[in-house]
Amino acid sequence: TRPSLALEKILRASRKDTSLLETNPTKIGLKEGCPAGSVPLRRATKEDLRRAKSSFKRLSSFEPSNPGQGYDFAGIVTTPPANVLFKGIAARMSVYQPPVSSQQSSTALIQLQTQTETKVGSIQVGWTIDPELYGDSRARLFTKWSEEHDGTVDGCYNTLCSGFVVTNPNIPIDTAFNDVSIAQRSQVFQWMMVTLDPLSQDWWLSMQDDNIRLGYWPRELFSFSGFSVGGYNATWGGLVHTGTDVSPAMGSGIFEDGNYNSTCNMVKVQVNIGNTFVSPYDNPVQVLQSRCFKASKQNTHPDYRFQFGGPGGLPNACVA
């Protein structure tokens, strides 16, 4: 249940960058942590499991460049240099709580993925508003893993089934954020990092400026896809889904290029190459947009930053 010393060294090195520090990180977690030796787990009802199964099936085959019927993506995607795999992904994201209906969801995520013709492995983390999954409309921390091989799809959200191993006594996976950003008034952020342990080959999730470890995905989850040795595709951005013709808002619900006080954004976008977190190479980065949603990037190395979002609505009402 502990990361190796090699991973601890990687996490310590990333903390040396003082430009990560913010004066307005979003609050998350329990007021009083669990007793020593125990961790917080959400009590799952049969209805929770039913909703999770439906939501997982709905988004299990998400591809940023070809989102599919009912959901849209706006953000950036990159791949590593030849003969190199990504060993981690990170970003500081502004946290919003756009309005969604019972048949909609709105998410900001980072995703690491590996893929062959018949096998796909992926990890997603971020914040989401998903009434179908949670039964409410609050912005919540979420995690998701999946592996597809030979037509079979395995995976899970949060701790609703086997997969993610919680090690932190203070921050429940799927907890609601206590405060969120308000467009044109205040911005609150959350730092999220997923890192491959060089020795155990488990994937660890860390959050906040001091890289507090929340837990890990064991390497055994990805025995078919080969994801336990690294990923070849890194994604950051917003994902929305609708069960009707009307799409929900993404991010803050506003997209104003260059206005970081009103538009949802991610800063300190990074990938782990050679056990060091660095900004992605600019040339391979693709900006993806769809329907009512836009994205734009600003490579101010090493503070790689981009914006994404939009108001949603009917597709024929969106600006081309």
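Predicted, not measured: the structure shown is a model, and the values here were computed from it. Numbers given for residues are sequential positions, taken from 1 along each chain in its written order. Per-residue local features are limited, in this predicted model, to residues with pLDDT of at least 70; the limit for side-chain atom pairs, both in listing and counting, is 80 or more; totals at the level of whole chains, interfaces and linings are taken over all residues. Side-chain descriptors were evaluated using all non-hydrogen atoms of the structure, hydrogens and water having been removed beforehand.

## Topic: the environment of proline 99
Okay, step 1: Strands here are runs of E lasting at least two residues and helices are runs of H or I lasting at least four, both read from the DSSP assignment and numbered beginning at the N terminus. Considering the arrangement of structural elements, one finds proline 99 in the loop between β2 (88-94) and β3 (104-115).
Okay, step 2: Think of it in three bands: residues with accessible area under 20% of the maximum for their type are buried, residues over 50% are exposed, and the middle band is partly exposed, with areas taken using a 1.4 Å probe on protein chains only. By relative accessible area, which is 68% here, proline 99 ends up exposed.
Okay, step 3: Note on contacts: a residue pair qualifies if any of its non-hydrogen atoms lie within 4.5 Å across the two residues. Those residues within four positions of proline 99 in sequence are excluded, and the remaining contacts are Pro248 and Ala249.

## Things to note about the pairing of strand β11 (residues 233-242)
Okay, step 1: Summarising burial for β11: ten of the ten residues are buried, a large majority.
Okay, step 2: In this sheet, β11 lies alongside strand β1 (residues 71-78) in antiparallel orientation, the contact comprising eight bridges. Each residue of the ladder has a partner; that of glycine 75, found in β11, is glycine 237.
Okay, step 3: Taken together, the ten bridges between β3 and β11 define a ladder with antiparallel strand orientation. Opposite serine 105, over in β11, you have histidine 241 as the bridge partner. Note on pairing: DSSP must find at least two bridges between two strands before they are called paired.

## Details of the packing of aromatic side chains
Okay, step 1: Ring pairs shown here join Phe, Tyr and Trp side chains whose ring centres sit within 6.5 Å, with only the six-membered ring taken for Trp; geometry is labelled stacked below 30 degrees between planes, edge-to-face above 60, and tilted in between. Summed over all chains, the structure comprises seven aromatic pairs.
Okay, step 2: An angle of 70° between the planes, with centres 4.7 Å apart, marks the rings of phenylalanine 164 and tryptophan 217 as edge-to-face. Note that phenylalanine 164 is positioned in the loop between β6 (152-157) and β7 (165-166) and tryptophan 217 in strand β10 (residues 212-217), a separation of 53 residues in sequence. Of the two residues, phenylalanine 164 and tryptophan 217, both sit in the buried class.
Okay, step 3: An angle of 35° between the planes, with centres 4.8 Å apart, marks the rings of tryptophan 204 and tyrosine 216 as tilted. Remark: tyrosine 216 occurs in strand β10 and tryptophan 204 occurs in strand β9 (residues 203-207); sequence separation between them is twelve residues.
Okay, step 4: Relative accessible area serves as the criterion here: at 2%, tryptophan 204 is assigned to the buried category.
Okay, step 5: Of the residues examined, tyrosine 216 reaches a relative accessible area of 12% and is grouped as buried.
Okay, step 6: Grouped by ring-pair contacts, the aromatic residues Trp145, Trp203, Phe222 and Phe227 constitute a single cluster.

## Things to note about the nonpolar core
Side chains that are nonpolar tend, in soluble globular proteins, to be buried together.
Okay, step 1: Within this scheme, the nonpolar core is defined by two criteria: the residues are buried Ala, Val, Leu, Ile, Met, Phe, Trp, Tyr or Cys, and they are joined through side-chain atoms within 4.5 Å. Of all hydrophobic cores here, the largest spans 64 residues; its most connected members are Trp217, Trp236 and Met266.
Okay, step 2: Per-element tally for this core: the top contributor is β1, with five residues.
Okay, step 3: Ranked by size, the runner-up nonpolar core spans nine residues in total, among them Trp191, Met193, Trp204 and Tyr216.

## Description of the pattern of salt bridges
Okay, step 1: In the sections that follow, a salt bridge refers to a side-chain nitrogen of Lys or Arg positioned within 4 Å of a carboxyl oxygen of Asp or Glu. As enumerated under the stated definition, the model contains three salt bridges in all.
Okay, step 2: Put simply, arginine 213 and glutamate 8 hold a salt bridge, and the shortest N to O gap is 2.9 Å. Highlighted residues: arginine 213 in strand β10 and glutamate 8 in helix α1 (residues 5-15), separated in sequence by 205 residues.
Okay, step 3: By relative accessible area, which is 26% here, arginine 213 ends up partly exposed.
Okay, step 4: When its relative accessible area of 17% is taken as the criterion, glutamate 8 is described as buried.
Okay, step 5: A salt bridge links aspartate 136 to arginine 140, with the shortest nitrogen-to-oxygen separation between them at 2.6 Å.
Okay, step 6: According to the relative accessible area criterion, arginine 140 is buried, its value standing at 12%.

So yeah, pure geometry; function would need other evidence.
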